[in-house]
Amino acid sequence: MAVEASDSNELAGFGYKQELDRSLGSFSSFAAGFSYISILTGVFQLFAFGFLFAGPAVWWTWPIVFSGQFCVALCFAELAGQYPLAGSVYQWSKRVSADFTSWMAGWIMVIGSIVTVAAVAVALQVILPQVSKTFQFIGSDADAGTYVTPDGAKNAILLGTFLVIFTTAVNMIGVKLMARINNAGVMLELVGATLLIILLMFHFHRGPGVVTETLGLGEGHSWGYFGAFLIGGIMSAYVMYGFDTAGTLAEETDDPRRNAPPAILKALATAAVIGGLLILFALMSVKDIHDENIGVLGLPYIVKQALGSTTGNIFLIDSAIAITVCCLAVHTSCIRMMFAMARDNRLPFGPQVARVSGRGKVPIVPALVVGILAIALLAVNISNQSAFLALTSVAIIMFYLAYLCVTGPMLLRRIRGTWPKPDHGPYFSLGRWAMLVNTYAVVYASLIAFNIAWPRRDVYNAIGPHHWYFQWAAYVFIGSVVVVGAIYYYAVHSRKPIEVLAEHRSRMDLPEPAIAEVAP
């Protein structure tokens, strides 16, 4: 109780009263970040994409992406120790950048998260029908394991809708139930992924040198294999993000200044090690590296081929559990982002969006809004698979841009000598490596965002008739989101200071830490 009171007092120092249920421990904080990344979701869903375009050598993109994202995570860890607040990226950006930048960071994260909820929910179609054709409620066996065929897309919507309804209900009940489900799911994922790696070791057909094979996939690219490598590398970039979720639950975590920073770093590092080994051992275990099914059915196909249908299905079920908790974590993170912005009166209908239920101590309206909009996006996949694939690809770029809204201004503050603050205290610090780490984080994220956004037909308009607006979806969609957001911001908020809504304002007689002023 004393720790909780101290955490609440610190929260009051930022101008907010304690409303959310502060009941999460250090493992729950780690689990939130790990389940968002979710190796058994991302790698199972995207391995086929990476292999199809870059072959076995796509493995090298994994450590490259990890090196950049870990530098981003180090920057976030430093901020999490200083600002243990719900809303992570929005709150951190608010402290190191101009008001417009922080608002845009939150706005982009909200839109990207809603799209990601839908994208993760669709992943069930990749797994469950390959466990049993019983889960292919719509279509034939030929549609099992894919959501790019018309009937496969319809079945994906059905399975995805069930999952989104589940995550919405759990988030409306309370964070304790969410944490119990998430923690259990993460434990199963950790155990399952570890066992899968061990079992694959007994089915090797080649050595680790397989990661040097390109299968001639550089032919036809103007940049040779490097061009293929850039496309295949999108797989790794798609998986390793969302670790900031370990910080966005700060107002529900005990002693968040000390627990959140290591949780962010451990979530990413653990996922990177497990994912890297899983991809490597899968490549070493496949019987025929030239098998065309690898680029179509991906990791589920390799696992069942190596371990047999029964054992393989057990791990596919574990993957389905991982997808469930991943979707739950994404949903939860988006709710906290909307709550944080609405509490500052920075969203339409702020008082209603930020209202916290009395019993569950959770924001109900954001949970419903995210669920309804995610299901609406799922419906897009019924009539136009190209549109859905383009949207989900674009969503990843939005996270990288939102991250840049934190690391970019943070770097400028370092250059000007205004970060870290004199009263940084005993909390996580990058020390003498700060400038190097922060610079690499900004350069890396900028290059990755540019690479993903490049208008490649193979990425944004791979199926169905060709349309320029699908191929240029990154610029069309994100440009529209930014323009709409900018119009709203300058019409409503540009002349208004950030002011916490009265019903959410701390009643304790504590000064609110000043938000750093940034020179225009």
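(A) Quick peek at the overall build of the protein chain. For the protein chain, the count of helices and strands is 22 helices and zero strands. Taken over C-alpha atoms, the radius of gyration comes to 22 Å for the protein chain, in line with the 24 Å a tight globule of 520 residues would show. Each principal axis of the C-alpha distribution contributes one length, and for the protein chain these read about 70 × 45 × 45 Å. A total of 520 residues make up the protein chain; the buried ones form 61% of that total. Within the protein chain, counting contacts between residues at least 6 apart in sequence, those at least 24 apart form 82% of the total. By element, 67% of the accessible surface of the protein chain is carried by carbon and sulfur atoms, the whole surface being about 19500 Å². Charge centroids of the protein chain, computed over 31 positive and 30 negative side chains, lie 5 Å from each other.

(B) The arrangement of the packing of helix H6 (residues 99-122) against helix H15 (residues 309-343) in detail. Where H6 contacts H15, the axes come no closer than 9 Å and their chain directions differ by 155°. By the angle between their axes, H6 is roughly antiparallel relative to H15. Relative to H15, H6 is oriented so that their crossing is left-handed. In this structure, H6 uses Trp103, Gly106, Trp107, Met109, Val110, Ser113, Ile114, Thr116, Val117, Val120 and Ala121 to contact H15, whose residues at the interface are Ile323, Cys326, Cys327, Val330, His331, Cys334, Met337, Met338 and Met341.

(C) Region of the structure containing the nonpolar core. Within the largest apolar cluster, 169 residues are counted, with the highest numbers of intra-cluster contacts made by Leu278, Tyr400 and Ile452. Once residues within four sequence positions are removed from consideration, isoleucine 452 is found in contact with Ile234, Ala237, Tyr238, Ser393, Ile396, Ile397, Tyr400 and Tyr460. By size, the runner-up hydrophobic cluster in this structure holds eight residues, among which are Ala32, Val175, Met178 and Leu328.

(D) Geometry of the environment of asparagine 9. On the secondary structure map, asparagine 9 appears in helix H1 (residues 2-13). Classification of asparagine 9 as partly exposed rests on a relative accessible area of 36%. Each C-alpha atom of the pair asparagine 9 and serine 506 lies 9.2 Å from the other, and the pair is 497 residues apart in sequence.

(E) View of unusual backbone geometry. Going from tryptophan 419 to proline 420, the amide bond is cis rather than trans, its omega being 0°. The topology assignment puts proline 420 in the loop between helix H18 (385-416) and helix H19 (434-453).

(F) Here's a closer look at helix H5 (residues 88-96). Counting buried positions over the nine residues of H5 gives nine, a clear majority of the element. Ser88, Val89, Tyr90, Gln91, Trp92, Ser93, Lys94, Arg95 and Val96 are the residues of H5 that are buried.

(G) Examining the pattern of salt bridges more closely. Tallied over the entire structure, the rule returns nine salt bridges. As a salt-bridge pair, aspartate 21 and lysine 176 come within 3.9 Å of each other at their nearest N and O atoms. One end of the pair, aspartate 21, is in the loop between H1 and helix H2 (26-37); the other, lysine 176, is in helix H9 (residues 175-200), and 155 residues separate them in sequence. Using a relative accessible area of 15% as the deciding quantity, one classes aspartate 21 as buried. Under the relative-accessibility criterion, lysine 176 is labelled partly exposed at 43%. Between aspartate 99 and arginine 346 there is a salt bridge whose closest N-O contact spans 2.4 Å. With aspartate 99 in helix H6 and arginine 346 in the loop between H15 and helix H16 (350-354), this pair connects stretches of sequence that are 247 residues apart. Looking at arginine 346, the relative accessible area reads 1%, which means it is buried.

(H) Molecular detail of the side chain of arginine 413. Following the sequence through the fold, arginine 413 ends up in helix H18. Put simply, arginine 413 is tucked away with no salt bridge, and the nearest opposite charge, on aspartate 423, sits 8.5 Å away. Only 2.7 Å separates the side chain of arginine 413 from the side chain of threonine 418, close enough to count as a polar contact.

(I) Seen up close, the packing of H6 against helix H7 (residues 124-131). Look at H6 against H7: their axes get within 5 Å of each other, and the N-to-C directions meet at 15°. Overall, the two elements H6 and H7 adopt an arrangement that is roughly parallel. When H6 is examined against H7, the residues Val120, Ala121 and Val122 are found in contact with a partner set consisting of Leu124, Gln125 and Val126. Looking at the contact of H6 with H7 residue by residue, the classes come out as five nonpolar, one polar and no charged.

(J) Broad picture of the environment of tryptophan 468. Within the secondary structure, tryptophan 468 is located in helix H21 (residues 468-471). Relative accessible area serves as the criterion here: at 56%, tryptophan 468 is assigned to the exposed category.

(K) Expanded view of the state of the cysteines. Under the definition given, this model contains zero disulfides. With no disulfide of its own, cysteine 326 has cysteine 327 as its nearest cysteine by sulfur position, at a separation of 7.1 Å. Look at cysteine 326 and you get buried, because its relative accessible area is 2%.

(L) Region of interest: a nonpolar patch on the surface. Side chains of Phe27, Met187, Val191, Leu195, Ile198, Met201, Phe202 and Phe204 sit close together on the surface and give an oily, nonpolar patch of about 740 Å² of accessible area. At four residues, H9 tops the list of elements feeding residues into the nonpolar patch. Position of isoleucine 198 among the secondary structure elements: in helix H9.

(M) Focus on the packing of aromatic side chains. Under the criterion given, the structure shown has 28 aromatic pairs. Ring geometry for tryptophan 223 against phenylalanine 226: centres 6.0 Å apart, planes inclined by 20°, an arrangement best described as stacked. Measuring from centroid to centroid gives 5.4 Å for phenylalanine 450 and tryptophan 454, while their planes differ by 65°, and the two rings are edge-to-face. Each residue in the set Phe100, Trp103, Trp107, Tyr488, Tyr489 and Tyr490 is aromatic and connected to the rest through ring pairs, giving one cluster. Note that arginine 257 overlies the ring of tyrosine 427, its terminal NZ or CZ placed 5.0 Å from the centroid. Here the guanidinium or amino end of arginine 343 rests over the ring plane of tyrosine 16, the centre of that ring lying 3.6 Å away.

(N) Highlighting the confidence of the model for the protein chain. Confidence in the prediction for the protein chain averages 89 pLDDT; 94% of positions are at 70 or higher. Mean pLDDT in the protein chain bottoms out at H1, which sits at 76, and peaks at helix H4 (residues 61-82), which reaches 97. Across residues 514-520, confidence stays below pLDDT 50; counting only partners more than four residues off in sequence or on other chains, it has 11 contacts.

(O) Broad picture of the environment of phenylalanine 49. Topologically, phenylalanine 49 is positioned in helix H3 (residues 39-54). Measuring from C-alpha to C-alpha, the distance between phenylalanine 49 and serine 429 comes to 38 Å, with 380 residues separating the pair along the chain.

About the thresholds
Residues numbered from 1 in each chain as written. Predicted model: local features only at pLDDT ≥ 70, side-chain atom pairs only at ≥ 80, totals over all residues. Heavy atoms only, no water. Helix = DSSP H or I, 4+ residues; strand = E, 2+ residues; numbered from the N terminus. Rg over C-alpha atoms; globule rule 2.2 N^0.38 Å. Buried < 20%, exposed > 50% of the residue type's maximum accessible area, 1.4 Å probe, protein only. Contact = heavy atoms within 4.5 Å. Areas by Shrake-Rupley, 256 points an atom, 1.4 Å probe, with all protein chains shown as cover. Lys, Arg positive; Asp, Glu negative; His and termini not counted. Charge placed at Lys NZ, Arg CZ, Asp CG, Glu CD. Axes fitted to C-alpha atoms, helices over the stretch in contact; angles between N-to-C directions. Parallel < 35°, antiparallel > 145°, perpendicular 65-115°, else oblique. Left-handed = near helix turned anticlockwise from the far one by under 90°. Core = buried A, V, L, I, M, F, W, Y, C linked by side-chain atoms within 4.5 Å. Salt bridge = Lys/Arg side-chain N within 4 Å of Asp/Glu carboxyl O. Polar contact = N/O pair within 3.5 Å; in protein donor to acceptor, adjacent residues only side chain to side chain. Nonpolar A, V, L, I, M, F, W, Y, C, P; charged D, E, K, R; others polar. Disulfide = S-S within 2.5 Å. Patch = residues over 30% accessible without salt bridge, like charges linked within 9 Å, V, L, I, M, F, W, Y side chains within 5 Å. Phe/Tyr/Trp six-rings, centres within 6.5 Å; stacked < 30°, edge-to-face > 60°. Lys NZ or Arg CZ within 6 Å of the ring centre and 35° of its normal. pLDDT = per-residue confidence, 0-100.

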